[in-house]
Amino acid sequence: MSDAGSPGLQKAEPQPPSEHLNIKVTDNNNEVFFKIKRTTPLKKLMDAFCERSGKSVSSVRFLFEGQRVNPTDNPDTLDMADGDTLEVHQEQIGGM
């Protein structure tokens, strides 16, 4: 009698990465959580955050791990993981 075919004794295969990610977007005043697909352009998330917080998309910049995020980027291209954070900063032109 062999247990090799028994479903209870099969090794669990590693789960493939989830199709959706939970991403936190923060500007130090507001924190908004989004659940998006790995292939969704981040423009959707950026537009939604700005709409909710009353900001203009052109007046802020989004950073992930210190690098600027482009609207055409998606979680896969940035190698984002579930629970990662995008930071929102006021856009500054020039300076002294």
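If you look the protein up in an unreviewed UniProt entry, it shows as Ubiquitin-like protein from Myriangium duriaei CBS 260.36.

**Q** Can you help me understand the nonpolar core in this one?
**A** Soluble globular proteins: nonpolar side chains tend toward being buried together. Core analysis: the biggest nonpolar cluster contains 18 residues, and I23, V25, L45, F62 and L86 have the highest contact counts within it. Sorting the residues of this core by element identifies β1 (20–26), β2 (31–37), α1 (42–53), β3 (60–64) and β5 (85–90) as the ones contributing at least two each.

**Q** Can you walk me through the pattern of salt bridges in this structure?
**A** When their charged atoms lie close together, side chains carrying opposite charge are able to pair. Across all of its chains, the model carries six salt bridges by this definition. The partner of K24 in a salt bridge is E31, with the nearest N and O atoms 3.4 Å apart. The salt bridge partner of R38 is D76, with a shortest N-O separation of 3.7 Å. With R38 in the loop between β2 and α1 and D76 in the loop between β4 (67–68) and β5, the pair connects residues that are 38 residues apart, well separated along the chain.

**Q** Help me out: how do you make sense of unusual backbone geometry in this one?
**A** Note: most peptide bonds trans; most residues except glycine with negative phi. For E65, which is not glycine, the phi dihedral falls at a positive 55°. One non-glycine residue, D79, adopts positive backbone phi at about 55°.

Thresholds applied
Residues numbered from 1 in each chain as written. Predicted model: local features only at pLDDT ≥ 70, side-chain atom pairs only at ≥ 80, totals over all residues. Heavy atoms only, no water. Core = buried A, V, L, I, M, F, W, Y, C linked by side-chain atoms within 4.5 Å. Buried < 20%, exposed > 50% of the residue type's maximum accessible area, 1.4 Å probe, protein only. Helix = DSSP H or I, 4+ residues; strand = E, 2+ residues; numbered from the N terminus. Salt bridge = Lys/Arg side-chain N within 4 Å of Asp/Glu carboxyl O.

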